[in-house]
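Chains, contacts and geometry: an overview
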Amino acid sequence: MKVEILAGSVSKFGELWDVSPRDLVKGVVLEALFETRLKTGEIEAVYIGNMLSSSLGGQDHLGAFFSEVLGLNVPAMKVEGACASGGLAVHAGILAVTSGLYKNVLVVGIEKMTDHKPEEVAKALMGAGSDEEREAGATFPGLYAMIARAYMKKYGVSEEDLASVAVKNHYHASLNSHAQFRFPVTIEQVMKSSVVSSPLKLLDCSPISDGAAAVILGQGSGVRGQGSVNIIASAVATDSLGVADRSDLTSLQSTVLAAKKAYWQAGIKPSQIDVAEVHDCFTIAEIIAMDDLGFFPRGKSAQFIRRKKTTLGFGYPVVNTSGGLKAAGHPVGATGVKQIVEIYRQLKGVAGKKQVKNAKIGLTHNVGGSGATAVIHILKSDK
Ligand code: COA
């Protein structure tokens, strides 16, 4: 398969109290349209990645809501898969284009979280978990803390190893003008930050964020001329909602399955990936993703991260150049679309200070809940 990315745009991520969801979406869509020089009327369908508009915003008709905002009368629908909603919306857009039904489609990811109390947000996020997890009063930091303990015990990984993921991603975010936290941190600062759910501390966690991102997908339209970037694999896999129903806490089966399909579709090996955006909702999640995506031998990824193998300027693949969810922010429905925009820009060679040298093939990895959904895309530059 081959679907061209015609344009991509990301808003600033963070506490955007003065910007409405309408204006967030208008901003990214107008910027993307300007990049393609397409007219609004040339967009034939809209896919909106969003998780919480219903539980937090009271809006249950998001496709038509944003269609009206954008002045479109085309098919428009919300695609939902918890924190993987954005990646799933891209997958839906790809299906629409490859089916031949639509030529150009718009995919938007949007989430507005910071207008609500932290306990309301934590409860709404648990909508991604199982009934048993909700009844037990579990939270996502709590679930990932248990995953972290199991992994640390099995592979001899330390809290400092977890912290090194935050150090890398905060450094990358310091180079990203749209990131929520644009300051570097040290291992000592991570270790001294307040405990959220032991062993995870404040600086091991992604934050609560607002933000939006948009991509326009098409097929062989040649609108942008030279140096196109194409999506050459789009794979999704699912697993049990609750962690208690899994045989192994130290790997996400959904990621392993989706990765296998994605590498097969693209006809490449993990070692060919130059740059990746992975789902680091908590530092342990990035370490497990490195194992599951086949970047490093299982159980050894923390050592490679700590030795800066995935830091810009030190080795390949460079991981989370945007700052990841940890430091660029995690407006849940927007994250999967933002990951695509980041890799698109890397492969176009327009990623600015965080540009990875000679990046030709990139991967995005977006996870819903504690691993019940995984969406993987592989992008390739034809330059
Ligand atoms: N990383 C770095 N700094 C953070 C942060 C994070 N993840 N979260 C908040 N901060 C900062 C804030 O900017 C603020 O700084 P300031 O005092 O200089 O303004 C300070 O820490 C306190 O912020 P506050 O909003 O009061 O934090 P909190 O204690 O209410 O929330 C978490 C912190 C980690 C509990 C919350 O961000 C959280 O629940 N994260 C996980 C979200 C999640 O589960 N997503 C789904 C993943 S599957």
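None of the values given here were measured: they were computed from a predicted structure.

1. Some words on the UniProt feature "domain: Thiolase N-terminal" (unreviewed entry) in the chain
In the numbering used here, UniProt assigns the feature "domain: Thiolase N-terminal" (unreviewed entry) to residues 10–218. The distance separating the terminal C-alpha atoms of residues 10–218 is 19 Å; by composition the span is 43% helix and 14% strand.

2. Focus on the site of the ligand
In the vicinity of the ligand lie 13 residues, with Phe181, Cys205, Ser206, Pro207 and Lys326 positioned nearest. A distance of 2.9 Å separates a nitrogen atom of the ligand from a polar atom in the backbone of Ser206. Between the ligand and Lys326 there is a distance of 3.0 Å, counted from a nitrogen atom to a side-chain nitrogen or oxygen. Burial of the ligand by the protein amounts to 61% of the accessible area it has alone, namely 930 Å². In a pocket analysis with a 2 Å cut-off to the grid points, the ligand is assigned to the largest pocket. Broken down by class, the residue content of the shell around the ligand amounts to 11 nonpolar, 1 polar and 1 charged.

3. Quick notes on the domain arrangement of the chain
It is common to report an interface's size as the accessible area lost on association of the parts. Assigned domains within the chain: domain 1 (3–117 + 210–218) and domain 2 (138–207 + 230–381). Placing a centre on the C-alpha atoms of domain 1 and another on those of domain 2 gives a separation of 23 Å. Taken together, the 43 residues of domain 1 in the interface contact 31 residues of domain 2. Of the roughly 2,600 Å² buried where domain 1 meets domain 2, counting both sides, 68% is carbon and sulfur surface. For the domain 1 face of the interface with domain 2, the top three residues by lost area are Ile5, Phe13 and Cys83, together amounting to 26%. Taken together, the connections running from domain 1 to domain 2 amount to 1 salt bridge. In this structure, Glu31 and Arg345 form a salt bridge, with 4.0 Å as the shortest nitrogen-oxygen distance. Our enumeration of links across domain 1 and domain 2 arrives at 11 residue pairs in polar contact (both at pLDDT 80 or more). At the level of secondary structure, the elements contributing two or more residues to the side of domain 1 that touches domain 2 comprise β1 (3–10), α1 (21–36), α3 (85–98), β4 (105–111) and β7 (211–218).

4. Quick look at the layout of surface pockets
Estimates place the volume of the largest pocket at around 700 Å³. Taken together, 30 residues form the lining of the largest pocket, with Pro141, Cys205, Ser206, Pro207 and Ile208 sitting closest to its centre. If you list the elements that add at least two residues to the lining of the largest pocket, you get α4 (118–125) and α6 (140–155). When grouped by side-chain class, the residues that make up the lining of the largest pocket number 20 nonpolar, 8 polar and 2 charged. Estimated volume of the second largest pocket: approximately 280 Å³. In terms of lining residues, the second largest pocket is bounded by 19 residues, among which Asn176, His178, Glu342, Arg345 and Lys354 are the most central. At 4 residues, helix α13 (residues 332–348) tops the list of elements feeding residues into the lining of the second largest pocket. Grouping the constituent residues of the lining of the second largest pocket by class yields 8 nonpolar, 5 polar and 6 charged. Counting the residues that make up the lining of the second largest pocket, at least three belong to each of domain 1 (3–117 + 210–218) and domain 2 (138–207 + 230–381).

5. Section: the packing of aromatic side chains
Aromatic rings considered in pairs are described by the distance between their centres and by the relative angle of their planes. Enumeration over the complete set of coordinates arrives at 5 aromatic pairs. Centroid distance Phe296 to Phe304: 4.4 Å. Interplanar angle 5°. Geometry classified as stacked. For the pair Phe296 and Phe304, a shared accessibility class is recorded, and that class is buried. A cation over an aromatic ring shows up here: Arg307 above the ring of Phe304, its NZ or CZ 5.1 Å from the ring centre. Above the plane of the ring of Phe314 lies Lys308, whose end atom (NZ or CZ) is 5.7 Å from the centre.

6. Some remarks on the packing of α1 against helix α2 (residues 62–70)
With their axes 10 Å apart at the nearest point, α1 and α2 run at an angle of 60° to one another. Considering how the two elements wind past one another, α1 and α2 form a crossing that is right-handed. Across from Pro21, Arg22, Val25, Lys26 and Val29 in α1, the residues of α2 making contact are Phe65, Phe66, Val69 and Leu70. Tallied by class, the residues present in the contact of α1 with α2 amount to 7 nonpolar, no polar and 2 charged.

7. A closer look at the pairing of strand β11 (residues 361–368)
Across the 8 residues of β11, 8 count as buried, placing the element largely inside the fold. Here β11 shows two buried faces, one formed by Ile361, Leu363, His365 and Val367 and the other by Gly362, Thr364, Asn366 and Gly368. Where β11 lies against strand β12 (residues 373–381), 8 bridges are found, and the strand directions are antiparallel. For Asn366, the partnering residue across the bridge sits in β12 and is Val375. Linkage of β11 to β12, two consecutive antiparallel strands, is achieved through a turn of 4 residues, within which Gly369 is found at a positive phi near 65°.

8. Considering the pairing of β4
In terms of burial, β4 is a largely internal element, 7 of the 7 residues being buried. Burial along β4 is two-sided: the face carrying Val105, Val107, Gly109 and Glu111 and the face carrying Leu106, Val108 and Ile110 are both buried. Where strand β2 (residues 45–49) and β4 come together, 5 bridges link them in parallel fashion. The residue of β4 that forms the bridge with Gly49 is Gly109. The pairing of β4 with β7 spans 7 bridges and is antiparallel. Bridge pairing in β7 links Val108 to Ala214.

Cut-offs and rules
- Residues numbered from 1 in each chain as written.
- Predicted model: local features only at pLDDT ≥ 70, side-chain atom pairs only at ≥ 80, totals over all residues.
- Heavy atoms only, no water.
- UniProt positions renumbered as here; feature names shortened; annotations may be inferred.
- Helix = DSSP H or I, 4+ residues; strand = E, 2+ residues; numbered from the N terminus.
- Near = heavy atom within 4 Å.
- Polar contact = N/O pair within 3.5 Å; in protein donor to acceptor, adjacent residues only side chain to side chain.
- Areas by Shrake-Rupley, 256 points an atom, 1.4 Å probe, with all protein chains shown as cover.
- 1 Å grid on protein atoms, 1.4 Å probe; cavity = no way out; pocket = protein on both sides within 12 Å on 5 of 7 lines; lining within 4 Å.
- Sits in = over half its atoms within 2 Å of the grid points.
- Nonpolar A, V, L, I, M, F, W, Y, C, P; charged D, E, K, R; others polar.
- Domains from an automatic or database assignment.
- Contact = heavy atoms within 4.5 Å.
- Buried area = accessible area lost by both parts, 1.4 Å probe.
- Salt bridge = Lys/Arg side-chain N within 4 Å of Asp/Glu carboxyl O.
- Points joined across faces, edges and corners; volume = space filled by probe spheres on them.
- Phe/Tyr/Trp six-rings, centres within 6.5 Å; stacked < 30°, edge-to-face > 60°.
- Buried < 20%, exposed > 50% of the residue type's maximum accessible area, 1.4 Å probe, protein only.
- Lys NZ or Arg CZ within 6 Å of the ring centre and 35° of its normal.
- Axes fitted to C-alpha atoms, helices over the stretch in contact; angles between N-to-C directions.
- Left-handed = near helix turned anticlockwise from the far one by under 90°.
- Pairing = 2+ DSSP bridges.

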